[in-house]
Amino acid sequence: GPEDVTQALSTLDVRAQKIVAGMLGVMMKNPSQVRDREWISERLAEMTVMAGEFEADSPEAGVAAVHAYLEQNSRELLGASFLLFQRVGLDLQPRAAEGFTFDEALRCGLAYLPSLSGSGASKPEVDRSEEFGRELGEQPLAGLMAERDLKPKDLVTASSEQLTHKMVTRAIKGRRLTANTMGKVIRAWNQATGHQHGPSDLFNYEP
């Protein structure tokens with residue numbers, strides 16, 4: 001019953017619930033593909049990348065992190081995705097004759113995901129980072145860099161820790177960083193400017 005589905009999905013962590021919500025979206029848009037194992041595996045990998053926030057120092061390391069996560073969790077994630085897909089189908093069966101929208105079906109599914117049901121996420125198959133609390137707005141670092149006419153490449157050049165242009169851009173825009181990446185950005189800033197600023201000088205959140 002519905003309570004059993006809620007109970008089963010409540011054991012998943014937030015990352016896993018985001019992946020399952022994304023899988024529900026693509027499964028509902030492509031119901032004829034759902035039994036295609038290769039297709040479903042590819043979609044699972046895509047949703048994992050979108051929802052996972054896998055911080056890595058290189059694209060190769062990022063891919064390895066996603067593969068390792070999927071090796072450990074794909075069976076559980078797919079099981080939860082099919083369970084939710086079937087439950088939404090049963091819930092909406094009485095309305096089949098009158099019809100329902102994709103968003104209505106998605107909202108029905110999200111109600112079973114305790115970590116997401118209050119987030120206002122209507123299309124989790126798209127990377128809705130702001131609604132999942134990963135976008136924190138422009139950081140103090142952005143203003144300080146503008147004052148000194150510094151660009152991301154200047155911090156990359158000053159760093160000796162494989163800091164990338166993408167990491168600095170994420171830092172400026174307020175996309176949540178791991179402690180490791182934030183530390184690289186701070187050290188690069190201090191190296192480039194000769195200052196000794198700490199996290200609270202450059203960022204308005206803790207990783």
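Everything below is about the structure printed above this text.
The numbers attached to residues start from 1 for each chain and follow its sequence in the written order. This being a predicted model, a pLDDT of at least 70 is required before a residue's local features are given, and a value of 80 or more before pairs of side-chain atoms are given or counted; all residues contribute to the totals for chains, interfaces and linings. The side-chain numbers reported here are obtained from all heavy atoms of the structure, hydrogens and water having been left aside.

What follows is about the nonpolar core. It is characteristic of soluble globular proteins that their nonpolar side chains tend to be buried jointly. Among the nonpolar cores identified, the biggest contains 34 residues, and Leu9, Ile19, Met23, Leu77, Leu84 and Val88 are the most heavily contacted of them. Elements are defined by DSSP. Helices are runs of H or I of four residues or more, strands are runs of E of two residues or more, and each kind is numbered from the N terminus. Those elements giving two or more residues to this core turn out to be helix H1 (2-10), helix H2 (14-29), helix H3 (37-52), helix H4 (59-92) and helix H5 (102-110). Tallying contributions element by element places H4 first for this core, with 10 residues. It only takes one pair of heavy atoms within 4.5 Å for two residues to be counted as in contact. Dropping the residues within four chain positions of it, Leu9 is found in contact with Gln17, Ala80, Leu84, Tyr112 and Leu113. Note on terminology: a nonpolar core comprises buried Ala, Val, Leu, Ile, Met, Phe, Trp, Tyr and Cys residues joined through side-chain atoms within 4.5 Å. Accessible area is worked out with a 1.4 Å probe on protein chains only. A residue is then buried under 20% of its type maximum, exposed over 50%, and partly exposed in between. In terms of nonpolar packing, the next biggest core, distinct from the first, is built from 20 residues, Leu155, Ile172, Phe203 and Tyr205 among them.

Right, let's talk about the pattern of salt bridges for a bit. Salt bridge, as used here: a side-chain nitrogen of Lys or Arg that lies within 4 Å of a carboxyl oxygen of Asp or Glu. Evaluated as defined, the whole model comprises 8 salt bridges. Arg43 serves as the salt-bridge partner of Glu42, at 3.7 Å between the closest nitrogen and oxygen. Glu104 is paired through a salt bridge with Arg95; the nearest N and O atoms lie 3.1 Å apart. Overall, the relative accessible area of 28% leaves Glu104 in the partly exposed class. A relative accessible area of 28% means that Arg95 is categorised as partly exposed.

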